[in-house]
Amino acid sequence: MTGVGWLTALWAVPMIGAAIVILLPSKVFARWAALAVSLAVLAVAVLLAVTFDPAGPQFQFVEDHPWIPSFGTGYILGLDGIALALVVLTAVLVPLLIVAGWNDGHADRARSTQSYLALTLAVEAMVLISLVALDVLLFYVFFEAMLIPMYFLIGGFGGARRGAAAVKFLLYNLFGGLIMLAAVIGLYVVTLEELGGTFDFRAIVAAVQSGQLAVDPALLNALFLGFMFAFAVKAPLWPFHRWLPDAAVESTPATAVLMMAVVDKVGTFGMLRYCLQLFPDATKTFQPVIITLAVIGIIYGAVVAIGQTDVMRLIAYTSISHFGFIILGIFVLTSQGQAGSTLYMVNHGISTAALFLIAGFLVSRRGSRFIADYGGIQKVAPVLAGTFLVAGLATLSLPGLGPFISEFLVLIGTFSRFPVLAVIAALALVLSAIYILWAYQRMMTGPVTRGNESLRDLVPRELIVAAPLIVLLLVLGIYPKPALDVINPAVTHTLTTIDVQDPRPATPEGDGR
C-alpha cells in the first residue's frame with residue numbers, strides 16, 4: 001500500500017471537513033457532517049491498523065515528496081506501531097467527543113456550533129499529521145499549529161474563566177514551542193557538515209546510530225533539553241503542569257478530553273520518537289532527573305486530587321499523576337516500561353474520556369462541579385452512577401480494566417532498573433483508590449441530597465458515548481495482546497536505536513549460568 005496516500009488522507013479528510021463544516025448554514029447539518037467526517041477518519045485508521053504488518057518495516061505506508069529542498073525538508077510521512085496506537089486512539093475518540101459535545105456552542109452566537117465542530121476537526125487533523133510526520137520541521141509546524149484551534153476551543157466555549165485559562169494554556173505551550181524551535185534550528189545546523197543539512201528524521205537517526213555525526217556532547221545535551229522542555233510542557237510533566245487544571249476545568253468536557261486524551265499525547269509521543277532516538281546519549285545523561293520528576297508528578301497529582309472539592313479539577317489532577325507514569329515508563333529505558341507507557345497512553349485516553357465525560361453529563365444536569373452538592377445519585381440515576389464507577393475503577397487501575405496492564409508493565413520495567421522509585425510510584429495505587437472511591441462515595445451513595453431528586457439518568461445520546469468507552473476498557477483489560485503485538489516491535493526498534501538492552505535477571509552465585 002506504499003504510495004497510495006492513506007496517511008495524507010488520514011489528516012486531510014478532517015482538515016477539509018473542518019473547512020466545509022464551518023461554511024454550512026445549518027447547525028443540524030454541521031453536526032451530522034462533522035460526525036460523518038470523523039467516522040471517515042476512523043475508517044481510514046481501521047484500514048491502516050488492519051493492513052499494518054507488525055513484522056514488517058519499522059515505518060510503513062511511507063510517503064516522501066519534496067517540500068523545501070533548499071532547506072533539506074520534505075513532506076515525509078510514515079507509520080510505526082507506536083504512532084498507530086495513538087492514531088487509532090485519536091480516530092476512535094473524536095466521533096465520541098462530537099456526539100458528547102452535540103449541543104456545545106453558544107445558542108446566542110451565530111455559527112457558534114459550526115465553529116466548535118470545525119475547530120475540533122482541525123485539532124484532529126493536526127494531531128494526526130504530527131503522529132505520522134517523519135520530517136522534524138513538518139512535525140514542529142503542526143506541533144505548534146494545533147495550539148491555535150485548541151486556544152479558541154478553550155477560550156470560546158466553556159466556563160466563566162475560560163479566557164484566562166486559554167491564555168495560560170497558550171503562553172505555557174508557546175514558550176515551550178519557541179525553545180523547541182531553537183533546538184530544531186540547532187539540529188539542522190549540526191547536520192550541515194555531514195548530511196548537507198536535513199530535517200529527515202530517518203537520515204538523522206541513522207547518522208546518530210552510526211556515529212557519523214561528530215558533535216560536541218554539550219551541544220547535543222542542549223538540543224535534547226530544547227525538545228524535552230516543549231514536550232514536558234505539552235504532556236505535562238511536573239512542574240510544568242500548572243496550565244492543565246485551569247484549562248481542563250474551564251473547557252467544555254468534550255474539549256477537555258480532546259486536550260488531555262489526544263493533544264497532550266503528542267508530548268509523550270515526541271519524547272519516545274524524538275528525544276530518545278535523536279539524542280540517545282543525552283537521554284541517558286538526563287534520565288535520573290526526568291524519572292525523578294516523573295515520580296514526583298505521580299505522587300503530587302494523586303495527593304492534590306484527594307484534596308479537591310471540584311470533581312472536574314479532581315479528574316484533571318489525576319491526569320497529571322497518570323502522565324507521570326507514562327513518562328516514567330519511557331525513560332526507564334526497558335522494553336516493558338516503554339510498551340507499558342505506550343499502552344498507557346491509549347488506556348489513559350479512554351479512561352479519562354469516560355470519567356470526564358460522564359462527570360460532565362452529571363454536572364450539566366445539576367449545574368455544579370462541587371462534590372458536596374451531590375449525594376445519592378445512584379438512586380436517581382443508576383446507569384450514570386454505574387458507568388462513573390467503572391470509569392473510576394479503570395482510573396485506579398483495577399485488574400480486568402485497561403489501565404491495569406499498562407501500569408503493571410511500567411512498574412515492572414521500572415523495578416528492573418530503579419526498584420526504589422518503582423516502590424514509591426506504586427504508592428500512587430493506594431492514593432488513587434482514595435481519591436476515586438471517596439469521590440464516588442460522597443457523590444453517588446447515601447441519601448439523595450436536596451436538589452438531586454429529579455436528576456435524569458443517561459439518555460441514548462450519552463449512552464452512545466459512554467458504552468463504547470466502557471467496552472474498550474474491558475476489552476483492553478482482558479485481552480491487550482493485539483495492541484501489544486503492534487507496540488512491542490516499535491519499542492524494540494527504539495531501544496536498539498539508542499543501544500539499550502533490558503537488564504538481565506539476577507542469578508544466584510554458582511548456578512553455572
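Note that this is a predicted model, so its numbers are computed, not measured. (Residues numbered from 1 in each chain as written. Predicted model: local features only at pLDDT ≥ 70, side-chain atom pairs only at ≥ 80, totals over all residues. Heavy atoms only, no water.)

Right, let's get into the nonpolar core. Counting 198 residues, the largest nonpolar core has Leu79, Phe227, Met259 and Phe331 as the members making the most contacts within it. Among residues more than four places away in sequence, those in contact with Leu79 are Leu7, Leu48, Phe52, Gln58, Phe59, Gln60, Phe61, Leu84, Val87 and Val132. (Core = buried A, V, L, I, M, F, W, Y, C linked by side-chain atoms within 4.5 Å. Buried < 20%, exposed > 50% of the residue type's maximum accessible area, 1.4 Å probe, protein only. Contact = heavy atoms within 4.5 Å.)

Of note, Ser38 is situated in helix α2 (residues 27-51). With relative accessibility at 0%, the residue Ser38 sits in the buried group. Sequence-wise, Ser38 and Ile358 are 320 residues apart; in three dimensions their C-alpha atoms are separated by 21 Å. Among residues more than four places away in sequence, those in contact with Ser38 are Ala91, Val94, Pro95, Ile98 and Leu121. A distance of 2.8 Å separates a polar atom in the side chain of Ser38 from the backbone oxygen of Leu35. (Helix = DSSP H or I, 4+ residues; strand = E, 2+ residues; numbered from the N terminus. Polar contact = N/O pair within 3.5 Å; in protein donor to acceptor, adjacent residues only side chain to side chain.)

The terminal C-alpha atoms of helix α16 (residues 335-366), which comprises 32 residues, lie 46 Å apart, in line with the 46 Å expected from a rise of 1.5 Å per residue. Among the 32 residues in α16, 28 count as buried, and that is most of the element. Gly367 lies just past α16 and shows a positive phi near 80°. (Expected span 1.5 Å × (residues − 1).)

With that out of the way, let us pick up the packing of aromatic side chains. Under the defined criterion, the tally for this structure stands at 23 aromatic pairs. Arranged with centres 5.3 Å apart and planes meeting at 80°, the rings of Phe229 and Phe240 form a pair that is edge-to-face. Pair noted here: Phe229 is in helix α10 (residues 217-234) and Phe240 is in the loop between α10 and α11 (243-250), with a separation of eleven residues, a long-range link. Under the relative-accessibility criterion, Phe240 is labelled partly exposed at 25%. Ring geometry for Phe231 against Tyr274: centres 6.5 Å apart, planes inclined by 35°, an arrangement best described as tilted. (Phe/Tyr/Trp six-rings, centres within 6.5 Å; stacked < 30°, edge-to-face > 60°.)

The next subject is the pairing of strand β2 (residues 73-79). Most of β2 sits out of view: seven of its seven residues are buried. Residues Thr73, Tyr75, Leu77 and Leu79 point to one face of β2 and Gly74, Ile76 and Gly78 to the other, with burial holding for every one of them. Sheet topology note: the strand β1 (residues 60-68)/β2 ladder contains six bridges and is antiparallel. Paired with Gln60 across the bridge in β2 is Leu79. (Pairing = 2+ DSSP bridges.)

Take unusual backbone geometry next. In this structure, the amide linkage connecting Ala235 to the following residue, Pro236, adopts the cis form with an omega of -10°. With respect to the helices and strands, Pro236 occurs in the loop between α10 and α11. For the bond running from Trp238 to Pro239, omega is 5°, close enough to zero to count as cis. Position of Pro239 among the secondary structure elements: in the loop between α10 and α11.

This part takes up the packing of helix α3 (residues 81-100) against α16. Interaxial distance between α3 and α16 falls to 9 Å at its minimum, and their mutual angle equals 10°. Taken together, the axis directions place α3 and α16 in an arrangement best described as roughly parallel. Residues Ile82, Ala85, Leu86, Leu89, Leu93, Leu97 and Ala100 of α3 pack against Thr342, Met345, Val346, Gly349, Ile350, Ala353, Leu357 and Phe361 of α16. Of the residues contributing to the contact of α3 with α16, the split by class is 13 nonpolar, two polar and no charged. (Axes fitted to C-alpha atoms, helices over the stretch in contact; angles between N-to-C directions. Parallel < 35°, antiparallel > 145°, perpendicular 65-115°, else oblique. Nonpolar A, V, L, I, M, F, W, Y, C, P; charged D, E, K, R; others polar.)

Glancing now at the UniProt feature "domain: NADH:quinone oxidoreductase/Mrp antiporter transmembrane" (unreviewed entry) in the chain. The UniProt record marks residues 133-429 with the feature "domain: NADH:quinone oxidoreductase/Mrp antiporter transmembrane" (unreviewed entry), using the residue numbering of this structure. Helix makes up 80% of residues 133-429 and strand makes up 0%, while its end C-alpha atoms are separated by 36 Å. (UniProt positions renumbered as here; feature names shortened; annotations may be inferred.)

Any two side chains of opposite charge can pair, on the condition that their charged atoms come close. Counting across every chain of the model gives eight salt bridges. A salt bridge links Asp200 to Arg202, with the nearest nitrogen and oxygen atoms 3.3 Å apart. With a relative accessible area of 14%, Asp200 lands in the buried category. The exposure class of Arg202 is partly exposed, given its relative accessible area of 29%. Put simply, Glu462 and Arg365 hold a salt bridge, and the shortest N to O gap is 2.6 Å. Taken together, the positions of Glu462 in helix α21 (residues 460-478) and Arg365 in helix α16 put the pair 97 residues apart, joining distant regions of the chain. (Salt bridge = Lys/Arg side-chain N within 4 Å of Asp/Glu carboxyl O.)

Okay, helix α19 (residues 402-415) next. Here α19 spans 21 Å end to end across 14 residues, near enough to the 20 Å set by a 1.5 Å rise per residue. For α19, the set of buried residues is Gly402, Pro403, Ser406, Glu407, Leu409, Val410, Leu411, Gly413 and Thr414.

Each pocket or cavity is described by its volume, and for the second largest pocket that value is around 430 Å³. Those elements that provide at least two residues to the lining of the second largest pocket are α3, α16, α21 and α22 (481-497). Among the elements that line the lining of the second largest pocket, the one with the most residues is α3, at six residues. Residue classes in the lining of the second largest pocket are distributed as 18 nonpolar, no polar and no charged. (1 Å grid on protein atoms, 1.4 Å probe; cavity = no way out; pocket = protein on both sides within 12 Å on 5 of 7 lines; lining within 4 Å. Points joined across faces, edges and corners; volume = space filled by probe spheres on them.)

Attention now goes to the packing of helix α18 (residues 382-395) against helix α20 (residues 419-444). At a minimum axis separation of 9 Å, α18 and α20 run at an interaxial angle of 170°. Relative to α20, the element α18 is oriented roughly antiparallel. Seen from α18, the contacting residues are Leu384, Ala385, Phe388, Leu389, Gly392, Leu393 and Thr395; seen from α20, they are Tyr435, Ile436, Leu437, Tyr440 and Met444. Partitioned by chemical class, the residues of the contact of α18 with α20 number ten nonpolar, two polar and no charged.

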